[in-house]
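# Structural characterization, general
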Amino acid sequence: MPPTQAPAADSTPNGSTSNGSTPNGASGPARILVVGGGGRENALGWALARCPGVEAVWIAPGNGGTAALEGCQALPIPEQDGEALLEACRQRRVDLVVVGPEAPLAAGLADQLRAGGLAVFGPGADGAQLEASKRWAKELMVEAGIPTARHCPASNREEALELLQRFDRPPVVKADGLAAGKGVTVAADMAEARAAIEEVFAGRFGAAGCSLVLEETLSGPEVSVFGLSDGRDLVLLPTAQDHKRIGEGDTGPNTGGMGAYAPAPLLAGDALEAVRQRVLVPTLAALRQRGIDYRGVIYAGLMLTATGPQVIEFNCRFGDPECETLMPLLGPELAQVLLACARGDLSAAPPLTIQAGCSACVIAAAAGYPGEVRRGDPIRSDLVATDSLQLFHAGSRRDRDGRCLTAGGRVLAVVAQADDFDTAFERAYGGLAQVHFEGITYRRDIGHQVRRPSPEPAA
Ligand code: AMP
Ligand code: GLY
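Quick summary incoming for the structure in this document. All values reported here derive from a predicted model rather than from experimental measurement. Residue positions are given per chain, counting from 1 as you read along its sequence in written order. Labels are handed out in written order, letters beginning with A for the chains and numbers beginning with 1 for the ligands. Local features in a predicted model are, by the rule used here, given only for residues with pLDDT of at least 70; side-chain atom pairs are given and counted only at 80 or more, and totals for whole chains, interfaces and linings are based on all residues. Each side-chain value is worked out from all heavy atoms of the structure, with water and hydrogens disregarded.

## Some words on the environment of L85
The topology assignment puts L85 in helix 2 (residues 82-92). Contacts: residue pairs with any heavy atoms within 4.5 Å of one another. Non-local contacts of L85, meaning those with residues more than four positions away in its chain, are made with L33, V35, A60, I77, P78, E79, L109 and L113. Every helix listed is a DSSP run of H or I at least four residues long, and every strand listed is a run of E at least two residues long, numbered separately from the N terminus.

This is the structure in structure tokens:
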């Protein structure tokens, strides 16, 4: 799998030069803090630690798999403790902070760290509203002329029930604020839509329950598009497709994501460029118009409808497990690119190399996920990571004796790359067979859209 853009020829084995700058002369961050404790943050830490010139990566708080990643250390500080994170960065002379999850971004962690003088990749609380308020994001989209489903906001139960009557077909009901992926109901009928409205205003989603959006139901395949933004310009990453449902055949309740693959062939070439021009660029412009200097990931969840791509949601961070899927495809310039975004000047970074080929990711979850899950089971892994096979822990922890135990719904991600999706998924599932814990649960059909169906066994 040759990279689409060759690395500079005069690099040392790891690409760095003696003064810590990279072969093209641009200097990158040497000491990086990644904030968060999931598979996404382990994948980010892993990818950044491989970049030339990077000396140390801390992941706070990290998880049971963090210490096993070359160049990464877990730092036991909760992601919402801005004061402690700032102090840890000062002590360690951190020169770039990358914030993984949406909750600390929406709570203003990036603002706090920036005010403390740090370069931070991740939007402030103002920009994070793109994800933290569906209503705010819809208003911005309408103003900027971005293709999205028609909607109406409602601030109380009566208003919402009244508005519901104007819909000919059952709408999608979306609680306004962050609801850990549980605030959206794609109603099958009006009764379900009514029940979802009642649920939102009964406070099921806490702070997310003050208002909601009713939205026209669209149909079509979904694709995730990611841009790395410095507030003005952006670098596009390969597209990815996530598998949200727990069950094979995309059935059963929604989850955070049971697997993913990249790039998604459904959206490529000119069609992807059109999304950059019609969705991402105008969104950044609309943010700027509101005085928002958006430095971080802009993640558009699109539905490819019969009339073209429509934005279903924006997120202010990498998707999980899309991040685990994408990181192995990104080149050694990643640390420089994220630092340049954090400093508001992407032109200071070299172009980001994107490796050709396919990446496949399968999530292993604990029994019971996405409901109440088993915890505390030992995780045993005989998987040997290679250049084309990675294991990223998510819901795991170490006990006092250093044993790795399950500690959450999505326990780990196995990711593999190859020239084609069949080989990539074969490799990922082969890796997964080397990992064991009681109650391990995973879908066997991740990537069914891009894999050749297995031949029927002979009768
Ligand atoms: P969201 O949290 O906004 O991404 O919504 C979660 C999921 O709900 C999406 O991934 C879609 O599968 C579905 N969804 C959201 N909005 C719509 C819509 N307008 N039409 C159909 N499905 C939707
Ligand atoms: N995998 C979907 C998300 O991170 O929102």
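## So, the sheet that holds strand 12 (residues 241-242)
Two strands pair under a simple rule: DSSP has to find at least two bridges between them. Spatially, five strands are ordered 12-15-18-23-20 in an open sheet, and the strand pairing comes out antiparallel. At either end of the open sheet lies a strand with only one pairing partner, and these are strand 12 and strand 20 (389-393).

## Points about the site of ligand 2
What makes a residue near a molecule or strand is one non-hydrogen atom of that residue sitting within 4 Å of it. Lining the immediate surroundings of ligand 2 are D242, G256, Y299, N315, R317, G319, D320, P321 and E322. Take D320: an N or O atom from its main chain is 3.0 Å from an oxygen atom of ligand 2. Counting of polar contacts relies on pairs of N or O atoms within 3.5 Å, with two restrictions inside protein: one atom must be capable of donating a hydrogen and the other of accepting it, and residues adjacent in sequence are counted only when both atoms are side-chain atoms. Within the side chain of E322, a nitrogen or oxygen atom sits 2.9 Å from a nitrogen atom of ligand 2. Using a 1.4 Å probe, the Shrake-Rupley method yields the accessible areas, and only the shown protein chains count as cover for residues. Within the complex, 89% of the 200 Å² of free accessible area of ligand 2 lies under protein. Residue type decides the class: Asp, Glu, Lys and Arg count as charged, Ala, Val, Leu, Ile, Met, Phe, Trp, Tyr, Cys and Pro as nonpolar, and the leftover types, Gly among them, as polar. Split by residue class, the shell around ligand 2 holds two nonpolar, three polar and four charged.

## A word on the pattern of salt bridges
Salt bridges are defined by distance alone: a side-chain nitrogen of Lys or Arg within 4 Å of a carboxyl oxygen of Asp or Glu. Under the criterion given, the structure shown has 20 salt bridges. In this structure, the salt-bridge partner of R157 is E198, at a minimum N-O distance of 2.7 Å. Linking R157 in helix 7 (residues 157-164) with E198 in helix 8 (residues 190-201), this pair joins segments that are 41 residues apart in sequence. The residue R444 makes a salt bridge to E248 at a minimum N-O spacing of 3.8 Å. Here E248 lies in the loop between strand 13 (245-247) and strand 14 (251-254) and R444 lies in the segment after strand 24 (435-436), a separation of 196 residues in the sequence. Counted as one network, the salt bridges with shared partners bring together E102, E131 and R317.

## As for the packing of aromatic side chains
The relation between two aromatic rings is expressed through the spacing of the ring centres and the mutual angle of the planes. In this analysis, rings of Phe, Tyr and Trp, with Trp reduced to its six-membered ring, are considered paired at centre separations within 6.5 Å, and the interplanar angle assigns stacked below 30 degrees, edge-to-face beyond 60, and tilted for intermediate values. Going through the model one piece at a time under the given rule, you end up with seven aromatic pairs. Ring plane angle 45° and centroid distance 6.2 Å describe the contact between Y429 and Y442, whose orientation is recorded as tilted. Linking Y429 in helix 12 (residues 421-432) with Y442 in the segment after strand 24, this pair joins segments that are 13 residues apart in sequence. Here the basic side chain of R290 rests over the ring of W136, its NZ or CZ set 5.1 Å away from the ring centre. Either the NZ atom of lysine or the CZ atom of arginine qualifies as a charge over a ring when it sits within 6 Å of the ring centre and within 35 degrees of the ring normal. Sitting above the plane of the Y442 ring, R444 keeps its charged end 4.7 Å from the centroid.

## Here's the deal with unusual backbone geometry
The omega angle of the peptide bond from D320 to P321 is 25°, so this bond is cis rather than trans. Structurally, the position occupied by P321 is in the loop between strand 17 (308-315) and helix 10 (322-326). The phi dihedral of R93 falls on the positive side, at around 50°, and the residue is not glycine. With respect to the helices, strands and loops of the structure, R93 is situated in the loop between helix 2 and strand 4 (96-99). For every residue, the accessible area obtained with a 1.4 Å probe (protein chains only) is divided by the maximum for its type, and the residue is called buried under 20%, exposed over 50%, and partly exposed between those limits. By relative accessible area, R93 is classed as exposed at 57%.

Distances and angles like these do not, on their own, reveal function.
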